[in-house]
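# Observations on the three-dimensional arrangement
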Amino acid sequence: MTSVLVFARAGGMMRKRGAVLLGLILGFWCFVGSGWALAGTAFHVEQLQVAPEMNRVKINAQVQITKEDLLQEILDQGQTLIWVVKAEWREPEPFSFITGLGTHAQKEVRWQIHYYPLTNQYALKNAAGTLHLFNHWQDVVSVLKQIHDFELPLQQGAARGRVALRVYVDIQALPVPLRLRALLDHWKLESPWTVSALLSN
């Protein structure tokens, strides 16, 4: 009789452990599933146009934004977003495929995006401190989607090369809880590099 009770208790413990293990596995897959649902880059640079002029290059492009709602949610929580546009002038192969090597010039421009709930307005501020206010989030998005006359100064010796351009939200500028969430949920608030055809300066 005692042995029967022992086996029954052991069986009950095994079932409980199995249920806990099953719960952990299901929870893990739900977590991974939510991460994959948000996976994929949030931005993509398109229609890249470059025009070399003496010691600089003028750049125009369109930015596709696929996670507008996520950005607005972060702003509506009172957080400031740092929007970055970065351009590089890269030497032709074999160096251009190695990040940093063969890069003769690079420039990044940063904007702060903020939401003011009292006035229900969005603000876009450049590095010089110039502030532009918008009544609607879609008006801000329309500005972010346009890269117009972005100037990349060139150094001497950069006679031939390609322009590489990308945009991203600076995750490191977010508070730690949001930074961790961005990493764990695979927000990927960045675009891959878009590279132009070979140019002569």
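Residues numbered from 1 in each chain as written. Predicted model: local features only at pLDDT ≥ 70, side-chain atom pairs only at ≥ 80, totals over all residues. Heavy atoms only, no water.

## Let's talk about the overall build of the protein
For the record, the criterion: Numbering of helices and strands runs from the N terminus; a helix is a DSSP stretch of H or I covering at least four residues, while a strand is a stretch of E covering at least two. Each residue gets one of three labels from its accessible area relative to the maximum for its type: buried under 20%, exposed over 50%, partly exposed in between, using a 1.4 Å probe on protein chains only. It only takes one pair of heavy atoms within 4.5 Å for two residues to be counted as in contact. In this description, accessible areas are obtained by the Shrake-Rupley approach with a 1.4 Å probe, and a residue is regarded as covered only by the protein chains that are shown.
Across its full length, the protein holds four helices and 10 strands. Mapped from its N terminus to its C terminus, the protein presents α and β elements in the order α-β-β-α-β-β-β-β-α-β-β-α-β-β. Out of the 201 residues in the protein, the part that is buried amounts to 35%. Counting only contacts in the protein whose residues sit at least 6 apart along the sequence, the fraction spanning at least 24 positions is 70%. About 12200 Å² of surface is accessible on the protein, with carbon and sulfur atoms providing 59% of the total.

## Considerations on the packing of aromatic side chains
How two aromatic rings sit relative to each other is set out by the distance from centre to centre and by the angle between their planes. To be explicit about the condition: A pair of Phe, Tyr and Trp rings is counted when the ring centres sit within 6.5 Å of each other, with Trp represented by its six-membered ring. The angle between the planes then sorts it: under 30 degrees is stacked, over 60 is edge-to-face, the rest tilted. Whether a charge lies above a ring is judged from NZ of Lys or CZ of Arg, which has to be within 6 Å of the ring centre and within 35 degrees of the ring normal.
In total, this model carries three aromatic pairs according to the counting rule given. Residues Phe43 and Trp83 carry aromatic rings whose centres are separated by 5.0 Å and whose planes lie at 75 degrees to one another, so their mutual orientation is edge-to-face. With Phe43 in strand E1 (residues 43-53) and Trp83 in strand E3 (residues 81-90), this residue pair connects regions lying 40 residues apart in the sequence. Judged by its relative accessible area of 2%, Trp83 is buried. Ring geometry for Tyr115 versus Tyr122: centroids 4.6 Å apart, planes at 35 degrees, classification tilted. Considered together, Tyr115 and Tyr122 belong to a single accessibility category, that of buried residues. Among the aromatic residues, those joined into a cluster by ring pairs are Tyr115, Tyr122 and Trp137. Here the basic side chain of Arg166 rests over the ring of Trp193, its NZ or CZ set 5.5 Å away from the ring centre.

## A few points about the pairing of E3
Residues in a regular strand project their side chains so that they alternate between the two faces of the sheet. Worth spelling out the cut-off: In this description, strands pair whenever DSSP reports at least two bridges between them.
The element E3 is extensively covered by neighbouring structure, given that nine of its 10 residues are classed as buried. Where E3 and strand E4 (residues 103-116) come together, 10 bridges link them in antiparallel fashion. Considered in E4, the bridge of Val85 is made with Val109.

## Observations concerning the packing of helix H2 (residues 68-76) against helix H3 (residues 137-144)
Defined as follows: Helix axes use the C-alpha atoms of the stretch in contact, all axes being lines fitted to C-alpha atoms, and the angles between their N-to-C directions lie in the range 0 to 180 degrees. Angles are sorted into four bins: roughly parallel if under 35 degrees, roughly antiparallel if over 145, roughly perpendicular if 65 to 115, and oblique for all others. Crossing chirality is assigned from the near helix's rotation relative to the far helix, an anticlockwise turn below a right angle marking it left-handed and a clockwise turn marking it right-handed. Gly falls in the polar group here, along with every residue not listed as nonpolar (Ala, Val, Leu, Ile, Met, Phe, Trp, Tyr, Cys, Pro) or charged (Asp, Glu, Lys, Arg).
Interaxial distance between H2 and H3 falls to 11 Å at its minimum, and their mutual angle equals 120 degrees. By the angle between their axes, H2 is oblique relative to H3. In this structure, H2 crosses over H3, and the sense of that crossing is right-handed. Every residue of H3 that contacts H2 at Glu68, Leu71, Gln72 and Leu75 is listed here: Trp137, Gln138 and Val141. Looking at the contact of H2 with H3 residue by residue, the class counts come to four nonpolar, two polar and one charged.

## Some details on the confidence of the model for the protein
Where we set the bar: In predicted models, pLDDT denotes the confidence assigned by the predictor to each residue on a 0 to 100 scale.
Of all residues in the protein, 74% have pLDDT values of 70 or greater, and the mean over the chain is 81. Contacts from residues 2-8, a stretch scored under 50 in pLDDT, to residues over four places away or in other chains number zero contacts. Counting interchain partners and residues more than four positions distant, the pLDDT-below-50 stretch residues 19-38 has eight contacts.

## Some words on the sheet that holds strand E7 (residues 146-153)
Across the sheet, three strands lie side by side as E1-E2-E7; this open sheet has antiparallel pairing. The strands lining the two open edges of the sheet, one partner per strand, are E1 and E7. Across the sheet, the mean angle from the axis of one strand to that of its neighbour is 25 degrees, orientation sign disregarded.

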